[in-house]
Every structure is written in structure tokens, then in C-alpha cells.
Amino acid sequence: MTEAILLVGGKGTRLRPLTVHTPKPMLPAAGVPFLTHQLARARAAGVEHIVLATSYLAEVFEPHFGDGSALGLHLEYVTEEEPLGTGGAIRNVASRLHSGPDEPVLVFNGDILTGLDIGALVRTHETSGADVSLHLTRVTDPRAYGLVPTDGAGRVLAFLEKPQTPEEIVTDQINAGAYVFRRSVIDTIPAGRAVSVERETFPGLLAAGAHLQGMVDSTYWLDLGTPAAFVRGSADLVLGKAPSPAVPGRCGDRLVLPTARVAPDANLAGGTVVGEGAFVAEGARVFGSTILPGAVIEPGAVVTDSLIGTRARVGERAVLSGAVIGDGAVIGAHNELREGVRVWCDARIPAGAVRFSSDQ
């Protein structure tokens, strides 16, 4: 296998305000755009040609990655005029593929961080003679996912909607968002309209008697669709819990990019990333957080499991936990922002304006 399709067209609405100016796959994770990690892992697995299916803020991708030669890849870009869904996006880029009808094409999503053994998935596809092979992973609580039961040989039996009752949980296996298609199967997806590969293409193939093979790989897997998950994924890349050859430095408790500045007595831990040109002042404590380029953490601030946007500022002795601060926002001194808060781009919160405790 030498070809792949990477689906990077989503709007990333669950990640706003982070995705107001930046498409989700281009958000920095462990110091580089998340897409860099996916491209590097695909290249390490032997993929040479990747077609990026773009839509939202499509103009951002090519200026950054170019033709892919810096990563040892040949990259092409196809932009959807209107959102086509996962299946429609795959069909929309089919003309850029070079594979023969029976050759395998890898398809993966631009928001999944995984330790999947890509080579093993391809081998499973080839040895089973499948039309489509799916990466499946096991989750502790499958209620939030569609279920994919398989038989003893790994052949997919059904695609089940999110279970509503305990009796409907017939397996803990879910679709993990990476597939290998027989090239000719891609051409059977309807062109020119929105198609969901999960809800239409796969169930339709199964009903028509096609062979869909599941491969359970329960190594690291995380959907980066929410701010909390994205912050966790970046930290896990820095800590070495999630594998990537693209992390720009040694794995450890912290990753400080070359032009960032950190005061000697500032405390960084838990997989924290400090981006290019950012500054963490004296006495600040930052744990498990991502500080994007140009952001400033002022003296004595405490930032935990949070993401601080590009050129944002966190004031002196402010306390943030599980917060998302948009690009250019200013959090005044002595504020307390707790789990789930999202401060929009360029917003300004005056000193001491938001608290969960007294001012004493």
C-alpha cells in the first residue's frame, strides 16, 4: 500500500473558539500541527501518496505542508465546494488516486490520535480478502458510540446505533475511524452528494453481501473532538503515552519550543507545551496544558489542563483549570476560571471579575 486519503474537512465546532481561525487538524499538538503527527505515522508505515480532503479553511493546509516533500511524501489537496460527509469526501478525491482496482487505499480521519499498527491493518485486509477493513477499538463505556460486532474470524456482522439500554450493548467494539478500502469499492460511493460512510456506505455494503473485516487494535486511541480531549492528547504525545515520530524533542514532563521563554522558578509538568515566542513568568505553575505561540502566563498564575490561545494573556495569580482561552484573549489578574469555561478570541476579562471563592 502506498496511497491514503486523509479526511480534514470538518469545521471542528466542538473545539470552538480554538477553530475560529484554525482548522482542527492544524491546531498545535505537542508543538506541531496535529496533522503533522498523522502524516509522519503514515509515512513511517510506508505510505507515499496522500490526498487531503479539505473543506473548512482549506486554504491553510497547502501553504504549510506544500507538496509534502519535507516529510518524504507526495501530498495533493482536494477542496469540497459543499460539505459532503465522510463517504462523499472519499468519493470526491477518488480521481487523484493511482491504485489499481484491487489495490488497498488507507483512509483515516484528521481528528483521531492513535497508536494503530497501520501495517497490521493492511495485512489483515490483504489476508482476509476483504472489500473494506476497519480499525476497531474497545472502550469501557460504549454508550456514546456506534457498535461494530464481529464473528470469531473478525468479519463484521452489523453496524449498530448508539445503544439506549444495557441489553443493546452487545459488544464493546467501536469504529475507530481508520479503514483500508479496496480501490474499486470507493467508486461505488455515490458522487456529488453528501454520504456518511458510517451510516450509509458501510451498512449498504454489508447488506449487499460485501466482506467487511474488523481488526481490533486496543493501543492508544483518542478522539480529539473536544477541548479537554485535545489538551489531553497533546500532553500524552509529550509524555510519550501516544506514539509519534513528529514530536519536536524528547518525550518528558514538558516541551518548550526554541523561541519560548520560561522563568527559572516557573514549574512546568504533566506534558505541558510552551509554544514559539510564548512566555511563562516567575512563580507560574502550568500542568498538563498547551500554551500556544506568543501567549503570556504572568507571575504566579496557575494553569491546569487548559489551552491558552495564540497571543493570549493570563494575568498575575489567575487560576485556570480545564479552561480554553481563545486567540488574543486577556484574562485579568486574580480571576478564577474553572472546568468547561471557554473565553472567546480577543475577549477581555477585567482583574478579579470572575471568581469561585472569596477575594480573601
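Remember, predicted model here, so these are calculated numbers, not experimental data.

> Hey, could you go over the nonpolar core for me, with residue numbers and the actual values?
Residues Ile5, Ile90, Val132, Leu134, Phe181, Phe202 and Leu212 are the most contacted members of the largest nonpolar core, which totals 29 residues. Looking at this core, the elements with two or more residues in it are strand S1 (3–7), strand S4 (49–54), helix H3 (85–92), strand S6 (104–109), strand S8 (132–138), strand S9 (173–182), helix H5 (183–186) and helix H6 (197–207). In this structure, Leu134 is in contact with Leu121, Val156, Phe159, Asn175, Ala178, Tyr179, Phe202, Leu212, Gln213, Gly214 and Met215, ignoring residues within four places of it in sequence. Judged by nonpolar contacts, the second largest core, of 26 residues, contains Ala260, Ala295, Leu320 and Leu337.

> Can you lay out the packing of aromatic side chains for me, pointing to particular residues and giving the numbers?
Under the defined criterion, the tally for this structure stands at five aromatic pairs. An angle of 90° between the planes, with centres 6.3 Å apart, marks the rings of Tyr179 and Phe181 as edge-to-face. Assessed through its relative accessible area of 1%, Tyr179 is described here as buried. One aromatic cluster in this structure is built from Phe159, Tyr179, Phe181 and Phe202. Above the ring of Phe279, the side-chain terminus of Arg261 is found at 4.4 Å from the ring centroid.

> Requested: an account of the pattern of salt bridges, with residues and values cited.
If you walk through the whole model with that rule in mind, you get 13 salt bridges. A salt bridge links Lys24 to Asp111; the shortest N-O distance between them is 3.0 Å. Linking Lys24 in the loop between S1 and strand S2 (28–29) with Asp111 in the loop between S6 and strand S7 (112–114), this pair joins segments that are 87 residues apart in sequence. Using a relative accessible area of 11% as the deciding quantity, one classes Lys24 as buried. Among the salt bridges present, the one from Asp187 reaches Arg183, with a minimum N-O distance of 3.0 Å. Note on Asp187: relative accessible area 40%, which makes it partly exposed. Counted as one network, the salt bridges with shared partners bring together Asp102, Asp131 and Arg182.

Procedures and definitions
- Residues numbered from 1 in each chain as written.
- Predicted model: local features only at pLDDT ≥ 70, side-chain atom pairs only at ≥ 80, totals over all residues.
- Heavy atoms only, no water.
- Core = buried A, V, L, I, M, F, W, Y, C linked by side-chain atoms within 4.5 Å.
- Buried < 20%, exposed > 50% of the residue type's maximum accessible area, 1.4 Å probe, protein only.
- Helix = DSSP H or I, 4+ residues; strand = E, 2+ residues; numbered from the N terminus.
- Contact = heavy atoms within 4.5 Å.
- Phe/Tyr/Trp six-rings, centres within 6.5 Å; stacked < 30°, edge-to-face > 60°.
- Lys NZ or Arg CZ within 6 Å of the ring centre and 35° of its normal.
- Salt bridge = Lys/Arg side-chain N within 4 Å of Asp/Glu carboxyl O.

This is a description of form; function is not addressed.
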